[in-house]
Each structure stands twice: as C-alpha cells, then as structure tokens.
Amino acid sequence: MSAWTTEAFDKWYLRVYPHRNEAEASALVATLNAEAPLAGKRILDAGCGAGRHLGAFSACGAVPVGLDLSPALLEEAEHTRAACAGDWKLVQGDLRSLPFPASSFDGVVSLFTTFGYLSEGEDRLALSEAARVLRPGGFHLLDFLNADRVRAALVADGERAESGIRIRERRRLIEDARRVAKRVTIHDAEDPHGAPLADYEERVTLYAPEELCEMLREAGFRIAKQWGEYDGAPFDAAASSRCIVLAFREDAL
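Now for a quick tour of the structure. The structure presented is a predicted model; accordingly, all values stated were derived computationally and were not measured. Starting afresh in each chain, residues are numbered from 1 along the sequence in its written order. Local features in this predicted model are restricted to residues whose pLDDT is 70 or higher, and side-chain atom pairs enter the listing and the counts only when it is 80 or higher, whereas totals over whole chains, interfaces and linings include all residues. With hydrogens and water excluded, all non-hydrogen atoms of the structure serve as input to the side-chain values.

## Let's talk about the pairing of strand E4 (residues 105–110)
Remark: a regular strand shows side chains that alternate across the two faces of the sheet.
Then comes step 1: A 1.4 Å probe rolled over the protein chains alone gives each residue an accessible area, and that area as a share of the maximum for its type sets the label: buried under 20%, exposed over 50%, partly exposed in between. Strands here mean DSSP runs of E at least two residues long; helices mean DSSP runs of H or I at least four residues long; both are numbered from the N terminus. E4 sits mainly inside the fold: five of its six residues count as buried.
Then comes step 2: Strands are labelled as partners when DSSP assigns at least two bridges between them. Here strand E1 (residues 42–46) runs beside E4; their pairing, made up of three bridges, is parallel. In the sheet register, Asp45 faces E4, and the bridge partner there is Val109.
Then comes step 3: Looking at chain direction, E4 and strand E5 (residues 134–145) are connected through five bridges and run parallel. Following the sheet pairing, Phe105 is matched in E5 by Leu134.

## Overview of the side chain of His53
Then comes step 1: Mapped onto the secondary structure, His53 falls in helix H4 (residues 52–59).
Then comes step 2: Once residues lying within four places of it in the same chain are set aside, the contact partners of His53 are Ala25, Leu28, Val29, Asp45 and Leu111. Throughout, a contact is declared for two residues whenever any of their heavy atoms are within 4.5 Å.

## Looking at helix H5 (residues 71–83)
Then comes step 1: For H5, which comprises 13 residues, the first-to-last C-alpha distance of 18 Å matches the rise-based estimate of 18 Å (1.5 Å per residue) to within 8%.
Then comes step 2: All of the buried residues along H5 are Leu73, Leu74, Ala77 and Arg81. Projection of H5 onto a plane perpendicular to its axis shows the buried side chains occupying an angular sector of 100°, all on one side. Away from the buried face of H5 by more than 90 degrees, exposed residues Pro71, Ala82 and Ala83 are located.
Then comes step 3: Considering only its buried residues, H5 is in contact with helix H2 (13–16), strand E2 (63–68) and strand E3 (89–92).
Then comes step 4: Trailing H5 by a residue or two, Ala85 shows a phi angle of about 55°, which is positive. Helices are assigned an expected span. That span is 1.5 Å times one less than the residue count. Directions are taken from the helix axis to each C-beta atom, and the arc is the one they span.

## Digging into the environment of Arg170
Then comes step 1: In this fold, Arg170 is placed in strand E7 (residues 165–174).
Then comes step 2: With a relative accessible area of 31%, Arg170 lands in the partly exposed category.
Then comes step 3: Along the backbone, Arg170 and Leu154 are 16 residues apart, and their C-alpha atoms lie at a distance of 9.9 Å.
Then comes step 4: Separated by 2.8 Å, the side chains of Arg170 and Thr185 make a polar contact. Whenever a nitrogen or oxygen atom comes within 3.5 Å of another N or O atom, the pair is scored as a polar contact, on the condition that within protein one atom can donate a hydrogen and the other can accept it, and that pairs from neighbouring residues in sequence are kept only if both atoms are in side chains.

## A short note on the sheet that holds strand E9 (residues 198–205)
Then comes step 1: Strand order across the open sheet formed by four strands is E6-E7-E8-E9, with antiparallel pairing between neighbours. At either margin of the open sheet sits one strand with a lone partner, and together these are strand E6 (157–162) and E9. The sheet shows a mean angle of 20° between the axes of neighbouring strands, direction not considered.
Then comes step 2: In terms of strand pairing, strand E8 (residues 179–188) meets E9 through eight bridges, oriented antiparallel. Paired with Lys182 across the two strands is Glu202, which belongs to E9. A fitted line through C-alpha atoms represents every axis, and for helices the fit uses only the stretch in contact; the resulting angles, taken between N-to-C directions, go from 0 to 180 degrees.

## Section: the packing of aromatic side chains
Then comes step 1: Ring pairs are drawn from Phe, Tyr and Trp, using the six-membered ring of Trp, whenever the two centres fall within 6.5 Å, and their geometry is named by plane angle: stacked under 30 degrees, edge-to-face over 60, tilted for the rest. Considering all chains together, one arrives at seven aromatic pairs under this definition.
Then comes step 2: Aromatic pair Phe115 and Phe144: ring centres 6.1 Å apart, planes at 80°, arrangement edge-to-face. Highlighted residues: Phe115 in the loop between E4 and helix H6 (120–133) and Phe144 in strand E5, separated in sequence by 29 residues.
Then comes step 3: Aromatic side chains Phe144 and Tyr207 sit 6.0 Å apart centroid to centroid with 45° between the ring planes, which places their arrangement in the tilted category. In this pair, Phe144 sits in strand E5 while Tyr207 sits in the loop between E9 and helix H8 (209–218), placing the two residues 63 residues apart along the sequence. Each member of the pair, Phe144 together with Tyr207, is buried.
Then comes step 4: One aromatic cluster in this structure is built from Tyr13, Tyr17 and Phe112.
Then comes step 5: Charges are assigned to positions over rings by a cutoff of 6 Å between ring centre and Lys NZ or Arg CZ, combined with an angular limit of 35 degrees from the ring normal. Stacked on the ring of Phe112, the Lys or Arg Arg52 has its end atom at 5.6 Å from the ring centre.

## Brief notes about the nonpolar core
Then comes step 1: Formed by 35 residues in total, the largest nonpolar core has its most connected members in Leu44, Phe100 and Phe115.
Then comes step 2: If you list the elements that add at least two residues to this core, you get E1, E2, E4, H6, E5, helix H7 (147–152), H8 and strand E11 (242–249).
Then comes step 3: Per-element tally for this core: the top contributor is H6, with five residues.
Then comes step 4: Leave out the neighbours within four places in its chain, and Leu44 touches Val65, Leu67, Leu98, Phe100, Phe105, Gly107, Val108, Val109 and Val133.
Then comes step 5: Counting 32 residues, the second-largest nonpolar core is a separate cluster that includes Tyr17, Leu38, Ile43 and Phe112. In this description, a nonpolar core means a group of buried Ala, Val, Leu, Ile, Met, Phe, Trp, Tyr and Cys residues linked to one another through side-chain atoms lying within 4.5 Å.

## Here's the deal with H4
One turn of an α-helix holds 3.6 residues; hence residues three or four places apart share an orientation.
Then comes step 1: When H4 is considered as a whole, its buried residues turn out to be Arg52, His53, Leu54, Ala56 and Phe57.
Then comes step 2: Its buried side turned inward, H4 meets helix H3 (22–35), E1, E2, E3 and E4.
Then comes step 3: Where H4 terminates, the next one or two residues include Gly61, which has phi positive at roughly 90°.

Written as structure tokens, this is what we have:
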C-alpha cells in the first residue's frame, strides 16, 4: 500500500468519516440478504475497517470474518465486537494476497469503497483473490462510488469541526478525470494555524460501472444485480450515490 493509505486508514479514518453508521450498514446487508440469503454462510468482509457491517451480517445468521490491513481499525473492530458480544473473527491482511485457502468462503464483500486505491493491475489482483477464496457459486458484493456523480458534483473545498479538531478537505480530478484526489488536512481546533496533526492525499480510480462489471467478469464472476443505493434502489448514473454490484463466482475458474 502507498504511504497515504497507511496514514488515512489509521486513527484518523473514523474522525474523517464519522457519518458512516450501523443503520446504513444494516440497510445494505438487508438488501444483500434479500437477494443472496446469508444464514449459515461464511462471509469475508475484505477491508472491514471498524467492523460496522460485521454485526449486521451476524444478525442475519451469517458467520462473518473481518479482514483489514490497519492495526488501528482492527483494534476499533475489536471494540465493536465486544460492544455487541459478537463472535466473529478478525484477521490482519492484504487484499492482494488474502491469507485464506481457496474456496473457503460463501461470500466476499468490499464495502464503502474499499476498492480503487491501488493501481489498476492491483485492483484486478484483489478481485482475483476474492474469486480464489470463494466457493463455486459464491458471491462478491462490490460497493463503489458512482463515478459520474463524483465528477459532476465534486465539492472542491470544505472545512468542518469534529471533536476538538478541524478537518479541511480539498478535492480535484486528476489524470484527465480518471482519478479523484482529496487532500485531507487536520489541525488541533485550539491551534488552527499551527503544524497539522495530519496531512495526506487520498486517491481513488473512478471506474465506470461497465468497467467494474468487466473487471469482475475477467476475475471469473457472473453479474447478477446492480444497485445505486444501500436500500436496493436501481442504479441511475445521474442520480445514484453508489454503484453496488452483486456477482457470483462461476463454477470453474
């Protein structure tokens, strides 16, 4: 992973993205459960972060496993597990080389844009790894940005206060709008003009929906559903906030 991902997915992640919550996680898991019943299924949350989806999977009767590269976020996921008396397993690992044997899961999920941070070749490798650890017929749920809406509604500059800190976010399109870059600068609220507590730039490749589907097919998946919101609303390129693709692993890879 690049240096910015190490900093961005450390202790600052939950401060920069505090609006993501359990209700949102439950809505997405319910949408998935209606299409691919989860009871008794072993599910890998690849890039689980603080583990907010793991409780929702467990509540549906699934057997979830959370994987993340960040020790800080896995520590937070431990707190999440303790708070809801969850019994899921947490593993530190890399999406490009999953530490699991082949055909060991019924489903793999990549949620809240845990995709697109790598090079395009590495993103394809991550999808191939997801296919490898899935049993034949298993599903992959890829929850990604709606690239067209990101380009059309980009907010160039914003600043807000969060519990004793000030967060400034400056966004721009780069590489002929192929990627979006967001500079995150965090200051102590008591010293807004002092040295920043953190200063890094996130970069995400803006894959079009048809590109995501083609990459999934190349990895051995069959596309089944495409949603634009966590509640299961159909995808609309002009209006949807997300691009969520449900795909199933073909019987043979």
